[in-house]
Amino acid sequence: MPEIPKAYEPQEIEERWAKAWFEERLFRAENSGNGPAFSIALPPPNVTGSIHIGHMLEHTQIDMLVRWHRMQGHRALWLPGMDHAGIGTQFVVERELAKEGIRRQDIGREEFERRVWQWKEQSGGAIKQQMIRLGASCDWTREKFTLEPALYRAVIEAFLRLYRDGLIYRGRYMVNWCPRCQTALSDLEVVHVERPGKLWYLRYPLVDAPNESLVVATTRPETMLGDTAVAVHPDDERYQKFVGRSVLLPLMDRTIPVIADSYVDREFGTGVVKITPAHDPNDFEMGKRHKLPEIDVMTDDGHMSAEAGKCAGLDRFEARARVVEDLKALGLLERIEDITHSVGVCDRCKSEVEPRISTQWFCKMKPLAEPAKKAVVDGLIEVVPENQRTILLNWLDNIRDWCISRQLWWGHRIPVWHCADCKEMLPATDSSVELFEGHARAAGVPKKCPKCGGTKLKQETDVLDTWFSSGLWPFSTLGWPDDTPDLRTFYPTSLLISGYDILFFWDARMIMMGMHLSGARFGASGAPKTDPAETIPFHRLYLHSLVRTAEGAKMSKTKGTGVDPLQFTQQYGTDALRYMLASMAAPGTDIVLSEDRILGARAFANKIWNAARFLFVNLEKVEPQGLTLEMLAAPDVRAGAPYTVPGSAGLAHRWIFSRLASVIAQVNEALENFRFHEAAQTIYQFFWGDFCDWYIEWVKPQLSAIGDRDAATAAWRNIFAALDAALRLLHPVMPFLTEELWHRLPQASGARSIALEQFPASGAQWSDAAAEQNMALLQEIIVAARNIRAEMKLDPKKRVAADFSSGDAAIRTMVEQNLEPMLRLGTLSELRISAGHLDSTGAAVRSTAHFDLRIAYGEGVDKAAEAAKAAKEIDRLAKDIVSKRARLADDTFRSKAPETIVRQMETTLREREIELRKLEERLKQLV
Ligand SMILES: [Zn+2]
Ligand SMILES: [Zn+2]
């Protein structure tokens, strides 16, 4: 074993192991063999992006669970991959091109696609490299990309099945349109922001009585150019006489009818509303009811169309100003009101979204949502935390059809061909793909129109919403639509971990798509699976918190708010960063980054390194006395049973294994329930407190073989077995540090990786209540001695004598037997043990119900200060006693509280009463 370096250097250790794990394909999962399968799909990051700290939180949580399952003997698969991220990627590449002064329209679709692929080749590998470096235990041999041929084929297959099932349709409907990105957006891609705006009141003269007019109110006056009616409520008495008449639409000189529709809100504005079916979702519906013409007054890029009269060609906001000005000049602007209203903006580029009528492709969602909802209600999919389950069910209840087409150039082109002669739509003949310029495209091209026999067929230019392919991710990545061993072994996946911000975008759609499509995985040859338990994409769904910047914004690379985790890992080490994120990841609370927390995590890593180093260095010192690594590598050390160390020297050994038993149980329980913070903190307290500060310190002298070689061997074996268990417990959260140290253990000789070892089993046989109780008491005495010393401001190295008294003979014997560690750890020269009363004259005394400890004052002690301290403590105890007595006198409490709680409170009360009596006596002597 090479010498262990003095300083913990995470950079060197982490880079070395990251490379080794990747090159050795250590995390390759087998689709056959022993052990249950555990699988989890990586929420695929945007291929052109890079990992920010938010991903790092997600990956740390996933990795902890995957490593934990792998160490339990599961064939654990964490399947990685990237998403082509249609609009996101296209936006980034367009921004790059803009730096060269190029618009995508200048170079055309094919050239643009070539540029995006180029960009993907250059920057697409960044995430993978980062993830490898950050220790994600993915199976990189199964890495996937949503635009690769196999997944392209899955997308076409899914589209064709949904199309055949009558769930996909094309039509002219109201959509959210981004004039910057020039594409339709789904409702989820529109962000609503509160903004100051204006409400303009416009006057429309009546055709049959030009001196009279109706007044309408609008926040978007430019859309009036596309008005085709004005509407009032049928029961609104103010306006009944106008219904059926007409007004003259100003600026356009168009005659439009006054209609009645109960949808009109009598309270809004004047109670008369303008109807623009091509530019407002409610007006669109009303237009359908009343068969009103739809006049689109805008172009794709947010300018006014030829239908906009004199405003044609103007930008939409210039047109707004122009319309207002012109109406004012005509005396048709009644008034202007300042308001604050909600404005929809493009999630990607922040441009104001236009509700606009447009021909798009839609997916019917109600038939897909029903089974998904049932699966959640029936508990086939467990959703954590609980409140997210309610949110998901509500959304499924109120689901609307999904606009799946995008007017983008980067993505899966819709596999439908249009006949130029008769406009018939022909879906691809099958889901096959072929390579074109190295990339996949649909190969099932129809040859002839079955309706008119025409051969002028042109493929749809729209691509699918990027979330269409991500919706297939859990099964497309395992080989669907083929019936593969991977699909049989790893689907449904065990678990999905994602941010709650993509619950609707992704998680819900995976459930719906998985349940509708994956059952048919046996294709034409076999019977489709219909059992929902086999078609759901995951059994459990955990929605993790988000990491927020100090300003509270969500992290995102394209939005410029991402923090690069490598910046932290270079400074503090990946393990420290992982530990910090895990320790803060309480379900349901967002995380705000903190430099202090990461400093604490780095101190923890240092502590572990130094403790382990201390042991290895000391082992070298005893080797000349015949204590060799080989001797300590007894095969049964791995089972971790404590070796008997004779007499009272065995106490600390029995105690540390008893502590381990409960810590293992706690960690398992916490990880099972996604309480990552609790798992991390439990291991921290055990490793730092119990193992380093108490156990190692306690048994130090036993480790030198000079006295009793057999006892030393047993002590060494125990300490290595405990360290072994502690490193395994810590491995899922701090994989690098634990791998590095674990290989230095005698029992690790010849093993490949701690990651492939067993997670410590909770050994109930280790539980030892007596050892825990005795050790707790001894620790209490030592802490009391340390506290007195600290208050007396004694020289830390100076040993002083102390008196110890206890009425309990068993306690006195135990202290007697453990005198050596007591003196050493309490920095005492002697401990005089008695059963009698300790006089506190000229001394500081610490009293508990079980013992008194007295250290005599040296020169210059402030008696008044001691008295004040005692008085304060008496006050605190007295108050506590009063409150406990009241509780115990309360019949409701006694009848409702569990018996053990009542007993425990009675015991504590008796102890407090003894402590109070002792303190009162002491105060008398001090004053
Ligand atoms: Zn946009
Ligand atoms: Zn045709």
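Residues numbered from 1 in each chain as written. Chains lettered and ligands numbered in written order. Predicted model: local features only at pLDDT ≥ 70, side-chain atom pairs only at ≥ 80, totals over all residues. Heavy atoms only, no water.

A. The overall build of the protein chain, seen in detail. When you go through the protein chain residue by residue, the secondary structure sums to 29 helices and 31 strands. Taken along the three principal axes of its C-alpha coordinates, the protein chain extends 115 × 65 × 55 Å. Relative to its 927 residues, the protein chain shows a buried fraction of 55%. Approximately 39,300 Å² of the protein chain is accessible, and the part contributed by carbon and sulfur atoms is 51%. (Helix = DSSP H or I, 4+ residues; strand = E, 2+ residues; numbered from the N terminus. Buried < 20%, exposed > 50% of the residue type's maximum accessible area, 1.4 Å probe, protein only. Areas by Shrake-Rupley, 256 points an atom, 1.4 Å probe, with all protein chains shown as cover.)

B. Inspection of helix α5 (residues 126-133) at higher detail. Within α5, 6 of the 8 residues are buried, leaving the element largely enclosed by the surrounding structure. Inspection of α5 places Ile-127, Lys-128, Gln-130, Met-131, Ile-132 and Arg-133 among the buried residues, and these make up the whole buried set.

C. Up close: the coordination of the zinc ion (ligand 1). At the metal site, the zinc ion (ligand 1) is ligated by Cys-178 (SG), Cys-181 (SG), Cys-346 (SG) and Cys-349 (SG), and these contacts range over 2.2 to 2.4 Å. Relative to the metal, the 4 donor atoms surrounding the zinc ion (ligand 1) lie at angles of 100 to 116°, and the coordination shape comes out tetrahedral. Here the donor residues of the zinc ion (ligand 1) share one chain and are spaced in sequence as C-x2-C-x164-C-x2-C. A residue pair is termed long-range when its members are at least 10 positions apart, and Cys-181 in the loop between β5 (168-178) and β6 (183-185) and Cys-346 in strand β13 (residues 333-346) qualify at 165 residues. Of the two residues examined, Cys-181 and Cys-346, each falls in the buried class. (Donors = N, O, S within 2.8 Å, 3.2 Å for Na, K, Ca; no water. Tetrahedral: all angles 85-135°; square planar, octahedral: opposite > 155°, others 65-115°.)

D. Highlighting the coordination of the zinc ion (ligand 2). Protein coordination at the zinc ion (ligand 2): the donors are Cys-419 (SG), Cys-422 (SG), Cys-449 (SG) and Cys-452 (SG), at 2.2 to 2.3 Å from the metal. Each of the 4 donor atoms bound to the zinc ion (ligand 2) contributes to angles spanning 101 to 114°, and the resulting shape is tetrahedral. Along the chain, the residues donating to the zinc ion (ligand 2) fall in the pattern C-x2-C-x26-C-x2-C.

E. How the structure looks around the pattern of salt bridges. In this structure the tally under the stated criterion is 73 salt bridges. A salt bridge links Arg-876 to Glu-873; its shortest N-O distance comes to 2.9 Å. Placement of both Arg-876 and Glu-873 in helix α27 (residues 863-889) is noted, with a separation of 3 residues, approximately one turn of the helix. Salt bridges sharing common partners tie together Glu-100, Glu-111, Arg-114, Arg-115 and Glu-437. (Salt bridge = Lys/Arg side-chain N within 4 Å of Asp/Glu carboxyl O.)

F. Quick peek at the environment of Lys-310. Secondary-structure assignment places Lys-310 in the loop between α7 (281-290) and α8 (316-329). Sequence separation between Lys-310 and Trp-410 is 100 residues, and the spatial gap between their C-alpha atoms is 36 Å.

G. Molecular detail of the side chain of Glu-739. The topology assignment puts Glu-739 in helix α23 (residues 735-742). Buried charge without a partner: Glu-739 forms no salt bridge, and the closest opposite charge is Arg-67, 6.5 Å away. A polar contact of 2.7 Å, which involves the side chain of Glu-739, links it to the side chain of Ser-753. Those residues in contact with Glu-739, other than ones at most four positions away along the chain, are Trp-17, Trp-21, Arg-752, Ser-753, Ile-754 and Ala-755. (Lys, Arg positive; Asp, Glu negative; His and termini not counted. Polar contact = N/O pair within 3.5 Å; in protein donor to acceptor, adjacent residues only side chain to side chain. Contact = heavy atoms within 4.5 Å.)

H. Region of the structure containing the pairing of strand β21 (residues 439-442). One ladder, built from 4 bridges, connects strand β20 (residues 433-436) with β21; its direction is antiparallel. By the bridge assignment for β21, Val-433 is matched with Ala-442. Counting the residues between successive antiparallel strands, the hairpin from β20 to β21 contains 2 residues, one of them, Glu-437, with a positive phi of roughly 50°. (Pairing = 2+ DSSP bridges.)

I. Representation of a negative patch on the surface in the model. On the surface, Glu-3, Glu-620, Glu-623 and Glu-630 cluster together into a patch of negative charge. For Glu-3, the position within the fold is in the segment before α1 (10-23). (Patch = residues over 30% accessible without salt bridge, like charges linked within 9 Å, V, L, I, M, F, W, Y side chains within 5 Å. Charge placed at Lys NZ, Arg CZ, Asp CG, Glu CD.)

J. Inspection of the side chain of His-418 at higher detail. As for its position among the elements, His-418 is in strand β18 (residues 416-419). Not counting residues within four places of it along the chain, the set of residues in contact with His-418 comprises Arg-170, Trp-361, Glu-424, Met-425, Lys-456, Leu-457, Lys-458 and Glu-460.

K. The arrangement of the sheet that holds β6 in detail. Taken together, the 4 strands give an open sheet; going across it, the order is β6-β5-β14-β16, and neighbouring strands pair in antiparallel fashion. Among the strands making up the open sheet, the edge pair consists of β6 and β16 (402-403). As judged from the 3 bridges shared by β5 and β6, these two strands associate in the antiparallel manner. Bridge pairing in β6 places Cys-178 opposite Thr-183.

L. How the structure looks around the packing of aromatic side chains. Taken as a whole, this structure holds 33 aromatic pairs when the rule is applied. For the ring pair Tyr-239 and Phe-242, a centre distance of 6.4 Å and an interplane angle of 50° mean the geometry is tilted. Residues Tyr-239 and Phe-242 agree in their burial class; the two are buried. Pairwise contacts between aromatic rings join Tyr-579, Phe-604, Tyr-684, Phe-687, Trp-688, Phe-691 and Tyr-695 into one cluster. For the cation-ring pair, Arg-67 lies above Trp-21, with the distance from its terminal atom to the ring centre recorded as 4.8 Å. Between the NZ or CZ atom of Arg-356 and the centre of the ring of Trp-177, over which it lies, the distance is 5.0 Å. (Phe/Tyr/Trp six-rings, centres within 6.5 Å; stacked < 30°, edge-to-face > 60°. Lys NZ or Arg CZ within 6 Å of the ring centre and 35° of its normal.)

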